[in-house]
Amino acid sequence: MSTESSGLEAALAELPLVDHHVHGASADDLDRATFETLVTESDRPIPAYMTQFDSQIGFALRRWCAPVLGLPAHASPEDYLARRAELGAAEVNRLLLAASGVGRYLVETGYRGDAVLDPAGMAAVSGRPAHEVVRLERVLEETAASGVSAADLPGRFREELTRRIAGAVGLKSIIAYRHGFAFDPEPPGDREVVEAAGRWLAAGETSGEWRVDDPVLLRLALWAGVEHGLPLQLHVGYGDPDVELRLTDPLLLTRWLKLVEPHGVDVMLLHCYPYHRNAGYLAQVFPHVYFDVGLGVNYTGSRSDALIAESLELAPFAKILFSSDAWGPAELHFLGAHLFRRGLGRALRRWVDAGEWTEADAIRVATMIGAGNALRVYGLEEGGGPRGGVSHGYGPRQVR
């Protein structure tokens, strides 16, 4: 690459990304079996005839993560895992999070948050600000488990949610997992909420489990989130087998999005693969809708360039964000950022070289998508965090 054509790539390399939807890194040492279960979205046992290293993410991991840990690119899985064990989880996390160049983390704590680093832990390891995103369904489930009547559940839930979001920058719903998007878009009525709560609480008292999947109660949580006004994240599309993928097409949200629009709440469609083009359409036509292709980037590996390019087809560039959705191995945090930079840079470089864009415009758009849009939508400012978020400054990219 010529010196005169390296401005875009240099700008992307130094850009402190804002990972607007991520989970904590694992603080535990991981044996091979555990590690492999954490680099797939499947929750089933891995068949004896295969390894997750023989996948797009497995090859990407050996190519890009191995050098960060001091190994040659394409190191064997055995050598890679041996080096990982030799370094220990704390050093692996430090190296990979630093090399990611992420400048700020928005950490969703609702999925097994006690098994990974919390926002304060992520900030301490990375030296970068970390803020909490609160999962609505988890708050509702914890409210039910604390002991409450069906009639009191809606009010107690709203009180608990108000308490929990102090210091948070956003909310998250997993209604895609628990029911899908083919739900009544209207806020539920008081009577139907109490009836649904009665059934759920009775079942929970018998089983001791508080997994909310009733569509009425899920709508209660969703609309309570809207009432608070924070950016509201929704998982869309690809995920583990708990998702019925056909019911997570974001086009099914159209009527709900129209009802939300007057409330002035920004809706963040997360991941979206394979419905990312549909999400791009929604982000174009509704001013309060944003999207990313986060989770799909890691798992498409060397094909992630195409996914990222497709995400740039229709939506205004002010409506696209970066996320990794990493949970557990810090390799996912690093790869999410690395592959995103590479894919975005390659797409924009093609347009610059074809004379369709100027390099200055490409750098401006890359900065918007990688960091600026998230800083704007979540009300964040460089050098600190709103609402009591954990902050350690917003400095330049750390490199190993």
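Above this text you will find the structure in question.
Notes on the structure follow. The structure presented is a predicted model; accordingly, all values stated were derived computationally and were not measured.

## Points about the overall build of the chain
Item 1. Looking only at helices and strands, the chain features 17 helices and seven strands.
Item 2. Against the 2.2 N^0.38 benchmark of 21 Å for 400 residues, the chain shows a C-alpha radius of gyration of 21 Å, consistent with a compact globule.
Item 3. Counting only residues that meet the buried cut, the chain has 57% of its 400 residues in that class.
Item 4. Across the chain, the fraction of contacts at a sequence separation of at least 24, relative to all contacts at a separation of at least 6, is 77%.
Item 5. Accessible area of the chain: about 16,000 Å², with a carbon and sulfur share of 52%.
Item 6. If the 38 positive side-chain charges of the chain are averaged to one point and the 53 negative ones to another, these points end up 3 Å apart.

## Looking at the pattern of salt bridges
Item 1. The full count for this structure, using the stated rule, is 29 salt bridges.
Item 2. Taking the shortest distance from any N to any O, the salt bridge between Arg164 and Glu132 comes out at 3.4 Å. With Arg164 in helix α8 (residues 153–164) and Glu132 in strand β3 (residues 130–135), this residue pair connects regions lying 32 residues apart in the sequence.
Item 3. Between Glu359 and Arg349 there is a salt bridge, with the nearest N and O atoms lying 2.7 Å from each other. With a gap of 10 residues between them, Glu359 in helix α17 (residues 359–377) and Arg349 in helix α16 (residues 330–353) connect regions that are remote in the sequence. Accessibility assignment for this pair places Glu359 and Arg349 in one class, buried.

## A word on the nonpolar core
Within soluble globular proteins, side chains that are nonpolar generally end up buried alongside one another.
Item 1. Within the largest apolar cluster, 128 residues are counted, with the highest numbers of intra-cluster contacts made by Trp256 and Leu269.
Item 2. Here this core takes 11 residues from α16, the largest share from any one element.

## Here's the deal with the packing of α8 against helix α11 (residues 215–228)
Between two packed helices, both the angle of their axes relative to each other and the distance between the axes serve to describe the pair.
Item 1. At a closest axis distance of 11 Å, the pairing of α8 and α11 adopts a crossing angle of 45°. As far as their axial angle goes, α11 and α8 are oblique. At the point where α8 passes α11, the crossing takes the right-handed sense. Residue-level contacts link Pro154, Phe157, Arg158, Leu161 and Thr162 of α8 to Leu220, Ala221, Ala224, Gly225, Glu227 and His228 of α11.
Item 2. Partitioned by chemical class, the residues of the contact of α8 with α11 number six nonpolar, three polar and two charged.

## Topic: the packing of aromatic side chains
Item 1. In the structure shown here, the tally under the stated rule is 10 aromatic pairs.
Item 2. A centroid spacing of 5.2 Å and a plane angle of 35° characterise the contact between Trp351 and Trp357, whose relative ring orientation is tilted.
Item 3. Among the aromatic residues, ring-to-ring pairing joins Phe183, Trp223 and Trp256 into one connected group.
Item 4. Of note, Arg63 hangs over the ring of Trp64, and the distance from its end group to the ring centre comes to 3.7 Å.

## Looking at a nonpolar patch on the surface
Item 1. A cluster of nonpolar side chains, contributed by Leu251, Tyr281, Val285 and Leu314, occupies part of the molecular surface with about 320 Å² of accessible area.
Item 2. Tracing the sequence through the fold places Val285 in helix α13 (residues 276–285).
Item 3. Given the relative accessible area of 37%, Val285 is considered partly exposed.

## Section: the pairing of β3
Item 1. Of all the six residues making up β3, five are buried; the element is thus mostly covered by neighbouring parts of the structure.
Item 2. With four bridges joining them, strand β2 (residues 102–108) and β3 adopt parallel strand pairing. Bridge pairing in β3 links Tyr105 to Ala130.
Item 3. Each parallel crossover has a hand, and the one from β2 via helix α6 (residues 119–126) to β3 is right-handed.
Item 4. Strand direction decides the pairing type here: β3 and strand β4 (residues 168–173), joined by four bridges, are parallel. Bridged to Arg135 within β4 is Lys172.

## Observations regarding the sheet that holds strand β7 (residues 289–291)
Item 1. Read across the open sheet, the seven strands follow the order β1-β2-β3-β4-β5-β6-β7; overall the sheet is parallel. What marks the edges here is a single partner per strand, and that holds for β1 (17–22) and β7. On average, each strand axis in the sheet is inclined to that of its neighbour by 25°, with strand direction left out of account.
Item 2. Summarising the sheet, β4 and strand β5 (residues 232–236) pair through three bridges and their orientation is parallel. By the bridge assignment for β5, Ser173 is matched with Leu234.

Reading guide: rules and limits
Each chain carries its own residue numbering, running from 1 in the written order of its sequence. Totals for whole chains, interfaces and linings use every residue, but because this is a predicted model, local features are given only for residues with pLDDT of at least 70 and side-chain atom pairs only at 80 or more, for both listing and counting. Just so you know, side-chain values use all the structure's heavy atoms and leave hydrogens and water out. Secondary structure follows DSSP: runs of H or I at least 4 residues long count as helices, runs of E at least 2 residues long count as strands, and numbering of each begins at the N terminus. The globule rule used here is 2.2 Å times the number of residues to the 0.38 power, and the radius of gyration it is set against is calculated over C-alpha atoms. The buried label applies to any residue whose accessible area, calculated with a 1.4 Å probe on protein chains only, is under 20% of its type's maximum; exposed applies above 50%, and partly exposed to all values in between. Working rule for contacts: check all heavy atoms of both residues, and any pair within 4.5 Å makes them a contact. Accessible areas in this description were obtained via Shrake-Rupley with a 1.4 Å probe; residue shielding takes into account the shown protein chains only. Counting rule for charge: Lys and Arg are taken as positive, Asp and Glu as negative, and neither His nor the chain ends is counted. Throughout, a charge is located at the NZ atom of Lys, the CZ atom of Arg, the CG atom of Asp or the CD atom of Glu. Salt bridge, as used here, is a side-chain nitrogen of Lys or Arg placed within 4 Å of a carboxyl oxygen of Asp or Glu. To form a nonpolar core, buried Ala, Val, Leu, Ile, Met, Phe, Trp, Tyr and Cys residues must be joined to one another through side-chain atoms within 4.5 Å. All axes are obtained by fitting lines to C-alpha atoms, using only the stretch in contact for helices, and the reported angles, taken between N-to-C directions, cover 0 to 180 degrees. Should an angle fall under 35 degrees it is called roughly parallel, over 145 degrees roughly antiparallel, and 65 to 115 degrees roughly perpendicular, with every other angle called oblique. Take the far helix as the reference: if the near one is turned anticlockwise from it by less than a right angle, the crossing is left-handed, and if turned clockwise, right-handed. When residue character is reported, Ala, Val, Leu, Ile, Met, Phe, Trp, Tyr, Cys and Pro are called nonpolar, Asp, Glu, Lys and Arg charged, and the others, Gly included, polar. Working definition: rings of Phe, Tyr and Trp (its six-membered ring) pair if their centres are within 6.5 Å, and the pair is stacked with planes under 30 degrees apart, edge-to-face with planes over 60 apart, and tilted otherwise. Only lysine NZ and arginine CZ atoms are considered, and such an atom sits over a ring when it is within 6 Å of the ring centre and within 35 degrees of the ring normal. Patch building starts from residues that exceed 30% relative accessible area and form no salt bridge, then joins like charges within 9 Å and nonpolar side chains (Val, Leu, Ile, Met, Phe, Trp, Tyr) within 5 Å. A pair of strands is considered paired only if DSSP assigns at least 2 bridges between the two. If the strands point away from the viewer and the path from the first strand over the helix to the second runs clockwise, then the crossover is right-handed.

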